[in-house]
Amino acid sequence: MNDTASIPSRSARDAYLKQFHERTGYVNFSSVGPPPLCVLQADESMAVQLEHASVGTVANLMEAHNSAARRIADLTGRRVEEIVSQPNTSTGLYHAAFSLPVKGGDAPVVLINNNEFPANLYPWKRAESIGLLRVRTYAGPANAASIAPMLDGVDVVALSAVDFRTGYLADLDEIRETIGDRLMVVDGIQGFGAVEANWNQADLLAVGGQKWIRAGWGTGFMACSPRALERLSRPLLSGWSGAADDERYDGELHDPLGDAGRFAMTVPSPIAAGRLDAALALIESVGVPWIRQRIEDFAERLDDDVHALGGHIVRDVDPRHWSTILPLAFPGRDIAAIGRRLAEAGVTCSVHPTTIRISPHASASDATYRLLTDTLKEAATR
């Protein structure tokens, strides 16, 4: 690590690593991240408070949303009022797709990658199916070269910060410069909490907490720019808790709130928010740069060992586009057979048609690394 200012103290690092107890061989954080002890403890503590509910219990529990929002604001460069809790990434993306206004009789045009993960495809296609917008697709990675030729007539560019197959990390600064004043909607679930990015370039950032944040299912958020709040003026999926005067029960639909709270369907779970808050506090304790460097150290070792076996990590030539997802290719080898051997040995990863997707976190142990590489050596040399 070059930036010594980003290195946490030894005590902070030790305390962080003691929080995790995933089984040896677990390198599948791009699917789900096993939660740390602090998240489990927050969940249990809040559940016990609810079990013994009394005056003020609900209000106290709801403070978890505000605490989590403050941490998210720090990590995204947004203000607290530009943050709203969501149960997952998909819900946030559906809010975006169903909130674009139709102006002058023309439906807005949304540009997406034709190899997007389904969570960033379904909302736009569902909205298109009822005439709310039109979808245009492009090929290639999420970068200026792929996007720029497709921008004529486009109102919104939707992308994933990290490609779930290749691990390609989008340069949000470059894309913002390329698309200008158009809305940028970013699915950040495959990177937030473990990669460094200028998240405030996104007009709408949707993140679920069950992967790299390690907060468990049912946790997530949306972070909205002032431009997003101005243009996403028709929140069709907004519910009563996202409206003004939400405690005035008069049988009428009230105007949506002026801040990101408009994207609430109902009162979100404070216990989910408590888990998210605990996970974010743990990330803060060591910082994203240190977490990212731990993962990259793992990747560098793995690259050397995989090369010795005749394989390689499938990565962009530019290190700026490297992320936490490490697809392994073994040309001429049976990928499915290698995947089966890894599973038999207790290595938890994802097997794709042409690659083995390895996605370790900062907590990956030496024992996990040895199990992975020893099994790869056995399988690849059969």
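Everything that follows concerns the structure shown earlier in this document.
Cut-offs applied
- Residues numbered from 1 in each chain as written.
- Predicted model: local features only at pLDDT ≥ 70, side-chain atom pairs only at ≥ 80, totals over all residues.
- Heavy atoms only, no water.
- Pairing = 2+ DSSP bridges.
- Helix = DSSP H or I, 4+ residues; strand = E, 2+ residues; numbered from the N terminus.
- Axes fitted to C-alpha atoms, helices over the stretch in contact; angles between N-to-C directions.
- Contact = heavy atoms within 4.5 Å.
- Phe/Tyr/Trp six-rings, centres within 6.5 Å; stacked < 30°, edge-to-face > 60°.
- Buried < 20%, exposed > 50% of the residue type's maximum accessible area, 1.4 Å probe, protein only.
- Lys NZ or Arg CZ within 6 Å of the ring centre and 35° of its normal.
- Parallel < 35°, antiparallel > 145°, perpendicular 65-115°, else oblique.
- Left-handed = near helix turned anticlockwise from the far one by under 90°.
- Nonpolar A, V, L, I, M, F, W, Y, C, P; charged D, E, K, R; others polar.

A.B. asks: Outline the sheet that holds strand β2 (residues 109-113), listing residues and values.
C.D. replies: Here we have seven strands laid out as an open sheet, ordered β1-β7-β6-β5-β4-β2-β3, and mixed in their pairing. The sheet is open, and its two borders are formed by β1 (83-85) and β3 (134-138), each paired with just one other strand. Adjacent strand axes in the sheet meet at a mean angle of 20° when their direction is disregarded. The sheet contact formed by β1 and strand β7 (residues 220-224) spans three bridges and is antiparallel. Bridge pairing in β7 places V84 opposite M222. Contacting β1, β6 (204-208) and β7, helix α3 (residues 57-76) crosses the sheet at an angle of about 135° to β1. Here helix α5 (residues 122-129) sits on the sheet in contact with β2, β3, β4 (156-160) and β5 (183-187), set at roughly 140° to β3.

A.B. asks: Quick one: what's the story with the packing of aromatic side chains, residue by residue and with numbers?
C.D. replies: Each aromatic ring pair is summarised here by two numbers: the centre-to-centre distance and the angle between the ring planes. A complete count under the given rule lists nine aromatic pairs for this structure. Taking the centre distance of 4.9 Å and the plane angle of 65° together, the rings of Y16 and F20 count as edge-to-face. Accessibility assignment for this pair places Y16 and F20 in one class, buried. Here R301 stacks its cationic end above the ring of Y369, 3.8 Å away from the centre of that ring.

A.B. asks: Break down the packing of helix α2 (residues 37-51) against α3 for me, with residues and values.
C.D. replies: At a closest axis distance of 10 Å, the pairing of α2 and α3 adopts a crossing angle of 160°. Considered as vectors, α2 and α3 are oriented roughly antiparallel to each other. Note on packing geometry: the crossing formed by α2 with α3 is left-handed. Here M46, Q49 and L50 of α2 lie close against α3, whose contacting residues are T57, L61 and A64. Per-class residue counts for the contact of α2 with α3 are four nonpolar, two polar and no charged.

A.B. asks: With reference to specific residues and values, describe the sheet that holds strand β11 (residues 356-358).
C.D. replies: The sheet built from four strands is open, its strands ordered β8-β9-β11-β10 with antiparallel pairing. Each having just a single partner strand, β8 (312-313) and β10 (350-351) make up the two edges of the open sheet. Sheet topology note: the strand β9 (residues 326-329)/β11 ladder contains three bridges and is antiparallel. The residue of β11 that forms the bridge with L328 is I356. Those strands touched by helix α11 (residues 335-345) are β9, β10 and β11, and its axis lies near 45° from that of β11.

A.B. asks: Please give an account of the pairing of β6 that cites residues and values.
C.D. replies: Across the five residues that make up β6, a large majority, five, are buried. Judged by which residues are buried, β6 turns out to be covered on both faces: L204, A206 and G208 on one side and L205 and V207 on the other are all buried. In this structure, β5 lies alongside β6, joined through three bridges in parallel fashion. The partner of D187 across the bridge, within β6, is A206. Of the pairings in the sheet, the one linking β6 to β7 comprises five bridges and is antiparallel in character.

So yeah, pure geometry; function would need other evidence.
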